[in-house]
Amino acid sequence: MKTNRLGHWIAILIGTLYFVVPLAATFEFSLRKLRGVYSFEAYRVVLADPQFQSSFTFSVGLAVVTIIFGMAIIVPMAYFVELRLRKLRPFVEFVTLLPLVVPAIVIVFGYLRLYNSSSILPLTNSTLSTNFLLTCGYVTLALPYMYRSIETGLRAIDVRTLTEAAESLGASSGTIIWRIILPNIRSAMLSGSFLTFAIVIGEFTFASLLNRPAFGPYLQLIGANRAYEPAALACMAFMITWACMGIIQVISRNAVAAHP
Amino acid sequence: MASNASSASLPRPRVPWAVVGVTPFMLFALLFLILPTLFLVVGAFQDNDGGFTLANLGKLWTPTILASYWISIKVSVASAVIGAAIGAFIAYAAVSGGLPRWIRPTIMTFSGVASQFAGVPLAFAFLATLGRQGLVTLFLSSVFGLNIYAQGFNLLSFWGLTLTYLYFQIPLMVLIVTPAIEGLRKEWREAATILGASNWQYWRHIAGPVLLPSFLGAALLLFANAFGAIATAYALTGSSLNIVTILLYAQIRGDVLHDQNLGYAIAFGMIVITGLSNLCYILLRVRSERWLK
């Protein structure tokens with residue numbers, strides 16, 4: 001059994017090295033901007049760049065709208081499918097897995113052909129409607145993750161009993177969703193939200209092809225033109241992803257603690 | 001009172017709340033997922049005047065386009081197979097015990113982060129690591145006198161891209177395959193050992209066959225994951241490595257192929273490839289759930 005354990009240690013060690021070394025290298029690289037000394041100059045330059053501020057703010061806003069819009073259409077759907085429309089489940093499963101089958105670049109290609117300025121629904125005509133189209137694209141990207149976390153949340157509570165109890169007390173469907181279901185799946189919704197945030201914040205394909213000034217295209221632009229700033233941005237992006245995932249861990253641990 | 005209310009509400013047409021609640025989602029899925037995809041699929045079989053043709057698909061068989069599909073498939077297969085093998089081994093090492101307790105949750109958390117750390121920043125990280133001025137490149141040349149670029153290594157190549165993709169493929173595999181490995185019961189091993197099976201026999205006849213569908217299914221998922229990716233490759237190589245997503249990106253940007261419908265055919269080809277791998281994944285998952293419940 002001893003040799004066995006050694007093998008496990010080696011596997012973990014190699015895995016750790018493979019994942020830690022690029023992070024360490026990126027961090028080291030990001031400090032090299034000033035010749036001869038380590039400094040946070042690259043970070044200072046990036047943070048002071050007005051384009052960084054505007055694209056980052058834009059993407060954060062987009063992520064928030066994506067989360068709200070996505071939840072607004074997915075939660076009622078998942079609730080009623082769980083409660084009354086079980087027949088629809090295979091179809092919903094199929095649709096929510098579709099974004100993993102159809103690559104993002106193909107979906108956005110479809111948007112550009114279907115909603116261009118000469119189509120019936122010319123969404124790419126104005127800034128506002130293009131932003132809307134981009135939001136829809138992001139909801140599509142996040143759909144598999146959002147739906148799965150909400151569905152898991154709904155299955156963990158007894159939707160039918162809760163609904164019948166509320167109905168017998170005279171609550172309407174809207175009240176039931178808002179005051180009974182939502183508070184009970186709050187942690188599942190939060191997990192889905194942070195995952196969505198991590199996906200949307202640096203997304204490149206949709207934003208670039210729809211010509212919106214988001215954070216992903218900005219990253220690409222800096223990567224093509226600068227030497228040390230990209231490394232600084234990569235470190236920041238990693239911190240954001242890490243924060244989102246860390247928050248999800250904390251949320252789900254608390255949820256387990258609350259409903260053992 | 002209660003019976004009064006219910007009898008009064010019976011004749012009134014009730015608002016079908018379930019339908020109202022489901023409709024926005026269905027409309028959304030139709031407009032922003034199903035129709036755009038269908039549009040491209042139909043367009044792949046149309047000529048410029050809208051008539052049916054197979055010519056677009058025929059035009060895929062030109063050297064540039066075939067080469068771009070081929071390099072995409074190669075990178076996806078390599079990163080999926082290697083990622084699946086290493087990921088499964090790490091997951092097994094973390095699950096099967098013998099290591100300190102804190103290792104497992106740490107690996108799971110880290111895998112969650114690393115599997116989402118893709119796109120443009122990942123390309124930056126690998127440029128800083130294995131690029132010409134990267135830390136590891138400089139380290140190897142100053143300590144071991146090994147200049148990997150003189151040895152023919154290039155980050156902007158098949159192996160460079162594969163190595164980069166492994167950064168999210170391995171953790172993704174760890175996340176997907178851990179539940180399956182957890183499903184291996186201790187009793188199976190004990191029973192096998194009591195009956196005189198060696199470690200190899202246990203893996204060959206019991207654990208291997210039980211895990212195989214999950215393993216293959218996960219590998220297929222990794223394949224599709226790498227096949228549709230573009231941001232990392234684009235930020236890493238510009239358009240010097242002509243994978244199919246980058247070809248399609250260039251086509252969308254500027255109609256580089258000078259043929260609208262050929263673009264649809266390329267997209268259709270991608271859907272067919274990722275669709276097939278996902279179909280196999282679903283079939284394999286159904287099989288694996290027989291044992292692992």
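Undergrad: When you look at the overall build of chain B in this model, what are you seeing that I'm missing?
TA: Counting its secondary structure elements, chain B contains 13 helices and zero strands. When the helices and strands of chain B are read in sequence order from the N terminus, they spell out α-α-α-α-α-α-α-α-α-α-α-α-α. Computed over the C-alpha atoms, the radius of gyration of chain B is 25 Å, more than 25% above the 19 Å expected from 2.2 N^0.38 for a compact globule of 293 residues. With the C-alpha coordinates of chain B rotated into their principal frame, the extents come out at 85 × 65 × 35 Å. When burial is assessed residue by residue, chain B has 43% of its 293 residues classed as buried. Long-range pairs, those at least 24 residues apart, make up 76% of the contacts in chain B between residues at least 6 apart in sequence.

Undergrad: Honestly, the overall build of chain A in this entry has me stumped. Any pointers?
TA: Of regular secondary structure, chain A possesses 12 helices and zero strands. When the helices and strands of chain A are placed in sequence order, the string is α-α-α-α-α-α-α-α-α-α-α-α. If you line up chain A on its principal axes, its C-alpha atoms span 75 × 70 × 30 Å. A burial count over chain A gives 45% of its 260 residues as buried. Of the contacts formed within chain A by residues at least 6 apart in sequence, a portion of 76% connects residues at least 24 apart.

Undergrad: Would you mind going over the interface of chain A and chain B with me for this structure?
TA: Size of an interface: often given as the accessible area lost when the parts come together. Each partner contributes residues to the interface: chain A has 63 residues there, and chain B has 58 residues. Secondary structure elements with two or more residues in the side of chain A that touches chain B: helix H1 (2–30), helix H3 (50–83), helix H4 (89–101), helix H5 (104–114), helix H6 (127–156), helix H10 (205–209), helix H11 (215–225) and helix H12 (229–258) of chain A. In terms of residue count, the dominant contributor to the side of chain A that touches chain B is H1 of chain A (14 residues).

Undergrad: I keep staring at the nonpolar core and nothing clicks. Help me out?
TA: Across soluble globular proteins, you tend to see nonpolar side chains buried next to one another. Residue and element names in this part refer to chain B. If you look at the biggest cluster of nonpolar residues, it comprises 164 residues, and the most contacted ones within it are Met173, Val177 and Leu222. The two domains that each donate at least three residues to this core are domain 1 (16–45) and domain 2 (57–289). Not counting residues up to four positions away in its chain, the partners in contact with Leu222 are Ser79, Ala80, Gly83, Ala84, Gln169, Leu172 and Met173.

Undergrad: Looking at this structure, how should I read the domain arrangement of chain B?
TA: Residue and element names in this part refer to chain B. Taken as a whole, chain B is organised into domain 1 (16–45) and domain 2 (57–289). On a C-alpha basis, the centres of domain 1 and domain 2 stand 30 Å from each other. Each partner contributes to the interface: domain 1 provides five residues, whereas domain 2 provides seven residues. Here the side of domain 1 that touches domain 2 is composed, by residue class, of three nonpolar, two polar and no charged.

Undergrad: Please clarify how unusual backbone geometry should be interpreted in this entry.
TA: Trans peptide bonds make up most of the peptide bonds, and negative phi angles are found at most residues other than glycine. One non-glycine residue, Asn211 of chain A, adopts positive backbone phi at about 60 degrees. Inspection of the secondary structure assignment puts Asn211 of chain A in the loop between H10 and H11.

Undergrad: Explain the environment of Ser115 of chain B to me, please; I cannot follow it from the model alone.
TA: All names here are of chain B. Inspection of the secondary structure puts Ser115 in helix H5 (residues 103–116). Judged by C-beta crowding, with 22 C-beta atoms within 10 Å, Ser115 ranks as buried. Residues Ser115 and Val174, 59 residues apart in the sequence, show an inter-C-alpha distance of 9.3 Å. When residues no more than four places from it in sequence are discounted, the contact partners of Ser115 are Phe168, Pro171, Leu172 and Leu175.

Undergrad: Explain the packing of helix H4 (residues 63–95) of chain B against H5 of chain B to me, please; I cannot follow it from the model alone.
TA: The angle between the axes and the distance between the axes are what describe a pair of packed helices. All names here are of chain B. In contact at an axis separation of 9 Å, H4 and H5 are set at 145 degrees when each is read in the N-to-C sense. Taken as a pair, H4 and H5 cross one another with a handedness that is left-handed. Contacts between H4 and H5 involve Ile90, Ala94 and Val95 from the former and Ile103, Arg104 and Ile107 from the latter. Split into classes, the residues belonging to the contact of H4 with H5 amount to five nonpolar, no polar and one charged.

Undergrad: What should I look at first to understand the confidence of the model for chain B in this one?
TA: Where the model shows low pLDDT, its predicted coordinates should not be examined in detail. Residue and element names in this part refer to chain B. Summary statistics for chain B give a mean pLDDT of 84 and a share of 94% for residues scoring 70 or more. Mean pLDDT per element in chain B: helix H1 (residues 2–9) is the minimum at 45, and H4 is the maximum at 91. Residue range residues 1–10 is modelled with pLDDT below 50. Its contacts to residues more than four positions away, or to other chains, number zero contacts. Complex prediction metrics read pTM 0.87 and ipTM 0.87.

Undergrad: Mind showing me how you'd approach the packing of H5 of chain B against helix H8 (residues 158–182) of chain B here?
TA: Residue and element names in this part refer to chain B. For the pair H5 and H8, interaxial distance at closest approach is 8 Å and the crossing angle is 135 degrees. In terms of axis orientation, H5 runs oblique to H8. Considering the relative orientation of H5 and H8, their crossing is left-handed. Along its contact with H5, which presents Ile107, Ser111, Gly112, Ala114 and Ser115, the element H8 presents Tyr167, Phe168, Pro171, Leu172, Val174 and Leu175.

Undergrad: Looking at this structure, I do not really get H4 of chain A. What am I missing?
TA: With 13 residues, H4 of chain A extends 18 Å between its outermost C-alpha atoms, agreeing within 8% with the 18 Å of an ideal straight helix rising 1.5 Å per residue. Within the span of H4 of chain A, buried status applies to Val92, Val95, Thr96, Pro99 and Val101 of chain A.

Undergrad: So what exactly am I meant to see when it comes to the environment of Ile199 of chain A here?
TA: Residue and element names in this part refer to chain A. As for its position among the elements, Ile199 is in helix H9 (residues 186–201). Under the C-beta neighbour-count criterion, Ile199 is labelled buried, with 21 such atoms within 10 Å. Considering only alpha carbons, one finds Ile199 and Ala142, 57 residues apart in sequence, at a separation of 7.3 Å. The contacts of Ile199, once residues within four sequence positions are left out, are Leu141 and Ala142.

Undergrad: What should I look at first to understand the environment of Cys244 of chain A in this one?
TA: Residue and element names in this part refer to chain A. Within the fold, Cys244 resides in helix H12. For the pair Cys244 and Ser191, spaced 53 residues apart in sequence, the C-alpha separation works out to 8.7 Å. Excluding anything up to four places from it in sequence, Cys244 contacts Phe194, Leu195, Phe197 and Ala198.

What counts and what doesn't
Every chain's residues receive numbers from 1 upward, in the order its sequence appears when written. Here chains are named by letter from A upward and ligands by number from 1 upward, in the order in which they appear as written. Reporting in this predicted model follows two pLDDT cut-offs: at least 70 for local features of residues, and 80 or more for side-chain atom pairs to be given and counted; totals over whole chains, interfaces and linings ignore these cut-offs and use all residues. Working definition: helices are DSSP H or I runs of at least four residues, strands are E runs of at least two. Numbering for both runs from the N terminus. With the radius of gyration taken over C-alpha atoms, the globule rule is written as 2.2 Å times the number of residues to the power 0.38. In this scheme every C-beta is placed from the backbone, and a residue whose C-beta has 20 or more other C-beta atoms within 10 Å is buried, one with 12 or fewer is exposed, and one in between is partly exposed. C-beta atoms are first placed from the backbone for all residues, and any pair lying within 7 Å is then listed as a contact. Buried Ala, Val, Leu, Ile, Met, Phe, Trp, Tyr and Cys residues whose C-beta atoms connect them within 7 Å together make up a nonpolar core. Each domain's limits were defined by an automated method or a database of domain assignments. Basically, the charged four are Asp, Glu, Lys and Arg, the nonpolar ten are Ala, Val, Leu, Ile, Met, Phe, Trp, Tyr, Cys and Pro, and anything else, Gly included, counts as polar. Axis definition: a line fitted to C-alpha atoms, limited for helices to the stretch in contact. Angles are taken between N-to-C directions and run from 0 to 180 degrees. It is the rotation of the near helix from the far one that decides the hand of a crossing: anticlockwise by less than a right angle makes it left-handed, clockwise makes it right-handed. Per-residue confidence from the predictor is reported as pLDDT, which spans 0 to 100. If an angle is under 35 degrees, it is roughly parallel; if it is over 145, roughly antiparallel; if it lies from 65 to 115, roughly perpendicular; otherwise it is oblique. Take the number of residues in a helix, subtract one, and multiply by 1.5 Å to get its expected span.

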